[in-house]
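Chains, contacts and geometry: an overview
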Amino acid sequence: MTAWAHLEITVDDQGNVEVGGYNADAESIVAGSESWEDLLSNLGANGWELVQVMPGHEMTYWFKKQA
């Protein structure tokens, strides 16, 4: 059975970012990112797959990666 790591990144209108997830050390994954745009770009470059984007007052991005 395949194990997956998941990340949830929420960005509000003011650019504040919240990061969470499971089977992944979210804090170490986002460390060193200069902006949330940079973070999203780096995730893709490091093998994370964007699964879903939920628009609204806060944009929420869900990513997964095989663990």
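Predicted model only: the values in this text are computed from it and were never measured.

Conventions adopted
Residues numbered from 1 in each chain as written. Predicted model: local features only at pLDDT ≥ 70, side-chain atom pairs only at ≥ 80, totals over all residues. Heavy atoms only, no water. Helix = DSSP H or I, 4+ residues; strand = E, 2+ residues; numbered from the N terminus. Buried < 20%, exposed > 50% of the residue type's maximum accessible area, 1.4 Å probe, protein only. Arc of directions from axis to C-beta. Contact = heavy atoms within 4.5 Å. Core = buried A, V, L, I, M, F, W, Y, C linked by side-chain atoms within 4.5 Å. Pairing = 2+ DSSP bridges. Axes fitted to C-alpha atoms, helices over the stretch in contact; angles between N-to-C directions.

1. A closer look at the environment of W62
With respect to the secondary-structure elements, W62 resides in strand β4 (residues 58-66). Between the alpha carbons of W62 and E34 there is a distance of 20 Å; along the sequence they are 28 residues apart.

2. A closer look at helix α2 (residues 36-45)
Within α2, the full set of buried residues consists of L39, L40 and L43. What you see down the axis of α2 is that its buried residues fit within an arc of 95°, all on one side. Elements in contact with the buried residues of α2: β1 (4-12), α1 (26-30) and β4. G47 sits one or two residues past α2 and shows a positive phi near 90°.

3. Considering the nonpolar core
In terms of nonpolar packing, the biggest core is built from twelve residues, these being A5, L7, I9, V11, A26, V30, L39, L40, L43, W48, Y61 and F63. The set of elements that each furnish at least two residues to this core consists of β1, α1, α2 and β4. Considering each element in turn, this core owes the most residues, four residues, to β1. Discounting chain neighbours no more than four positions away, the residues touching V30 are V19 and L39.

4. Considerations on the sheet that holds β1
The antiparallel open sheet is built from four strands, whose spatial order is β2-β1-β4-β3. Unpaired on one side and paired on the other, β2 (17-22) and β3 (49-54) mark the two borders of the sheet. The sheet shows a mean angle of 20° between the axes of neighbouring strands, direction not considered. Pairing analysis gives nine bridges linking β1 to β4, with the strands arranged antiparallel. Counterpart to D12 in the pairing with β4 is E58. Together, β1, β2 and β4 form the strand contacts of α2, whose direction differs from that of β1 by roughly 160°.

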